[in-house]
Amino acid sequence: MTASLSTLRRAWCSQSGAMAVEFALVCFPLLLLVLGIVEFGRALYVRNDLSYATDIAARTVLIGQIARDAPDSEVQAKLESAVRDSFDGGDPLLLQVSVSKETVDGIAFRVLSVRYPFTFFLPGLAESPVSLGLSRRIPIG
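Everything numeric in this text was worked out from a predicted model, so none of it was measured. (Residues numbered from 1 in each chain as written. Predicted model: local features only at pLDDT ≥ 70, side-chain atom pairs only at ≥ 80, totals over all residues. Heavy atoms only, no water.)

A. How the structure looks around the pattern of salt bridges. Tallied over the entire structure, the rule returns seven salt bridges. Taking the shortest distance from any N to any O, the salt bridge between Arg137 and Glu102 comes out at 2.9 Å. Remark: Glu102 occurs in strand S1 (residues 96–104) and Arg137 occurs in strand S3 (residues 130–139); sequence separation between them is 35 residues. For Arg137, a relative accessible area of 49% translates into the label partly exposed. Among the charged side chains, a network of salt bridges with common partners joins Asp72, Lys101 and Arg110. (Salt bridge = Lys/Arg side-chain N within 4 Å of Asp/Glu carboxyl O. Helix = DSSP H or I, 4+ residues; strand = E, 2+ residues; numbered from the N terminus. Buried < 20%, exposed > 50% of the residue type's maximum accessible area, 1.4 Å probe, protein only.)

B. Geometry of unusual backbone geometry. One non-glycine residue, Asp105, adopts positive backbone phi at about 55°. Tracing the backbone shows Asp105 in the loop between S1 and strand S2 (107–118). Asp105 sits in the exposed class, given a relative accessible area of 78%.

C. Fine view of the nonpolar core. Within the largest apolar cluster, 23 residues are counted, with the highest numbers of intra-cluster contacts made by Leu50, Leu79, Val83, Phe87, Leu95, Leu112 and Val114. When contributions to this core are tallied by element, the ones reaching two or more residues are helix H2 (18–62), helix H3 (72–86), S2 and S3. Non-local contacts of Leu50, meaning those with residues more than four positions away in its chain, are made with Phe87, Leu95, Val114, Tyr116, Leu132, Gly133 and Leu134. (Core = buried A, V, L, I, M, F, W, Y, C linked by side-chain atoms within 4.5 Å. Contact = heavy atoms within 4.5 Å.)

D. Here's a closer look at the packing of aromatic side chains. Under the definition given, this model contains two aromatic pairs. Geometrically, the ring pair formed by Phe87 and Tyr116 is tilted, given 5.1 Å between the ring centres and 55° between the ring planes. Note that Phe87 is positioned in the loop between H3 and S1 and Tyr116 in strand S2, a separation of 29 residues in sequence. With 5.2 Å between their ring centres and 85° between their planes, Phe118 and Phe120 make a pair best called edge-to-face. The partly exposed category is assigned to Phe120, whose relative accessible area is 27%. The cationic tip of Arg42 hangs over the ring face of Phe121; the distance from NZ or CZ to the ring centre is 3.9 Å. Over the ring of Phe109 we find Arg137; its NZ or CZ atom is 5.6 Å from the centre of that ring. (Phe/Tyr/Trp six-rings, centres within 6.5 Å; stacked < 30°, edge-to-face > 60°. Lys NZ or Arg CZ within 6 Å of the ring centre and 35° of its normal.)

E. Inspection of a nonpolar patch on the surface at higher detail. Together, Val21, Leu25, Val26, Leu30, Leu33, Val34, Ile37 and Val38 make up a nonpolar patch on the protein surface, roughly 770 Å² of accessible area in all. Assignment of secondary structure puts Val34 in helix H2. (Patch = residues over 30% accessible without salt bridge, like charges linked within 9 Å, V, L, I, M, F, W, Y side chains within 5 Å. Areas by Shrake-Rupley, 256 points an atom, 1.4 Å probe, with all protein chains shown as cover.)

Below, the structure written as structure tokens:
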């Protein structure tokens with residue numbers, strides 16, 4: 001009885017597996033933190049590329065490659081094509097591009113709105129895709 005009690009006491013005070021247990025406790029939260037940072041960086045990259053593609057499309061109107069007084073359907077098609085051609089951050093077919101008109105202080109604008117459904121690689125971060133979106137105003141006249 002005393003032999004098994006002393007063996008139990010030695011096993012209880014032993015430090016031989018403590019480092020493995022500490023690593024197991026610290027590794028999982030650290031791994032989640034690193035993967036979360038990578039996902040956040042990827043989302044910022046896609047958002048930045050979406051902004052670049054929208055700026056390129058708006059610039060085509062501003063420098064005269066698309067006539068400012070062109071019919072709405074032609075402008076919509078050309079702007080959508082310009083956005084899709086310059087977007088490299090994901091699948092360009094998932095882009096939702098819309099063009100509308102707006103008047104602010106007597107000045108007419110075309111508003112180019114672009115949305116992209118961003119899905120995370122890590123399961124459990126978001127159940128449905130997060131919608132990244134932005135818009136640009138382009139003066140008409």
